[in-house]
Every structure is written in structure tokens, then in C-alpha cells.
Amino acid sequence: PGYADFWGEVVTAMTAVESCVLVVNAGEPFETGFSQALAEARKQDRKLWIFINGLDRERADFDRVFNDLKDKFHLPVVALNYPLGR
């Protein structure tokens, strides 16, 4: 999702693509930019890939982020890779 300064570019880019990748940080709560980008992707009916980044950082929790994507954002998520170490 990135910084709010680039929101215009995000909206413009979504008009030209069939799917998009949203990046979330595993060690921090969801940022406002993620919610906005998700809403825009849904509005434009785009397919989504979500990349959970920062799993090597302290307080990173893959399962928390994965479950939040399902529970808070009501996304039908499937993990293509699952981290086996802490």
C-alpha cells in the first residue's frame, strides 16, 4: 500500500491491472493504507495477492496476520507458503 503521498498512483495503477499485490507487515498492526488499497481493489473488482513481509522481525506473527485477514477483512485467504521457524 505505501505512503498516502502516492495514493493517486495506486488508484491509477489499479485501473490498468487485473490483479494486485498488497504487502502487510507481520510485526505491526494493519496500516490505514492497507485498508484503503483493499477497499479500492474490491471496488475495482481486482484479484488480490497478499504478501506478509517482515517475518524475520521481533513480534512478527504470521498466524495473527493470516487470521486477521480472514476475520477482520473477510478475505478468503489461502497460504501458498507457511513459515516453519520462529
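This text goes with the structure placed above it.
First, a word on what this report is: a plain description of the structure on this page.

Parameters and conventions
- Residues numbered from 1 in each chain as written.
- Predicted model: local features only at pLDDT ≥ 70, side-chain atom pairs only at ≥ 80, totals over all residues.
- Heavy atoms only, no water.
- Buried < 20%, exposed > 50% of the residue type's maximum accessible area, 1.4 Å probe, protein only.
- Helix = DSSP H or I, 4+ residues; strand = E, 2+ residues; numbered from the N terminus.
- Arc of directions from axis to C-beta.
- Polar contact = N/O pair within 3.5 Å; in protein donor to acceptor, adjacent residues only side chain to side chain.
- Pairing = 2+ DSSP bridges.
- Right-handed = clockwise from strand over helix to strand, strands pointing away.
- Lys, Arg positive; Asp, Glu negative; His and termini not counted.
- Salt bridge = Lys/Arg side-chain N within 4 Å of Asp/Glu carboxyl O.
- Contact = heavy atoms within 4.5 Å.

### Points about helix α3 (residues 62-71)
Then, number 1: What α3 keeps buried is the set F62, V65, F66, D68 and L69. All buried residues of α3 fall inside an arc of 160° around its axis, so they share one side.
Then, number 2: Measuring from the backbone nitrogen of D63 back to the side-chain oxygen at the start of α3 gives 3.2 Å, which picks out D61 as the cap.

### Some thoughts on unusual backbone geometry
Then, number 1: Even without a glycine there, the phi angle at D45 is positive, about 55°.
Then, number 2: Note that D45 resides in the loop between α2 (32-43) and β2 (47-53).

### Structural notes on the pairing of β2
Regular strands place side chains that alternate from one sheet face to the opposite one.
Then, number 1: When strand β1 (residues 19-25) meets β2, the two strands line up parallel, connected through 7 bridges. Counted as the bridge partner of V23 is F51 from β2.
Then, number 2: Handedness of the β-α-β unit built from β1, α2 and β2 comes out right-handed.

### Observations regarding the side chain of E40
Then, number 1: Positionally, E40 belongs in helix α2.
Then, number 2: In this structure E40 is buried but unpaired, with K43 as the nearest side chain of opposite charge at 4.0 Å.
Then, number 3: Within polar-contact distance, the side chain of E40 engages the side chain of Q44 at 2.6 Å.
Then, number 4: Residues in contact with E40, not counting those within four places in the same chain, are W7, V11 and M14.

### A closer look at the pattern of salt bridges
Then, number 1: Taken as a whole, this structure holds 3 salt bridges when the rule is applied.
Then, number 2: The residue R59 makes a salt bridge to E28 at a minimum N-O spacing of 3.3 Å. Of this pair, R59 sits in the loop between β2 and α3 while E28 sits in the loop between β1 and α2, placing them 31 residues apart in sequence.
Then, number 3: Taking the shortest distance from any N to any O, the salt bridge between R64 and D68 comes out at 3.6 Å. One end of the pair, R64, and the other, D68, are both in helix α3, 4 residues apart, so they sit about a helical turn from each other.
Then, number 4: Classification of D68 as buried rests on a relative accessible area of 13%.

### Things to note about the side chain of Q44
Then, number 1: Of note, Q44 is situated in the loop between α2 and β2.
Then, number 2: Residue classification places Q44 among the buried positions, given a relative accessible area of 16%.
Then, number 3: There is a polar contact of 3.3 Å between the side chain of Q44 and the backbone nitrogen of T15.
Then, number 4: Residue contacts for Q44: discarding those within four places in its chain leaves V11, M14 and T15.

Remember that the coordinates give geometry; whether it matters functionally is a separate question.
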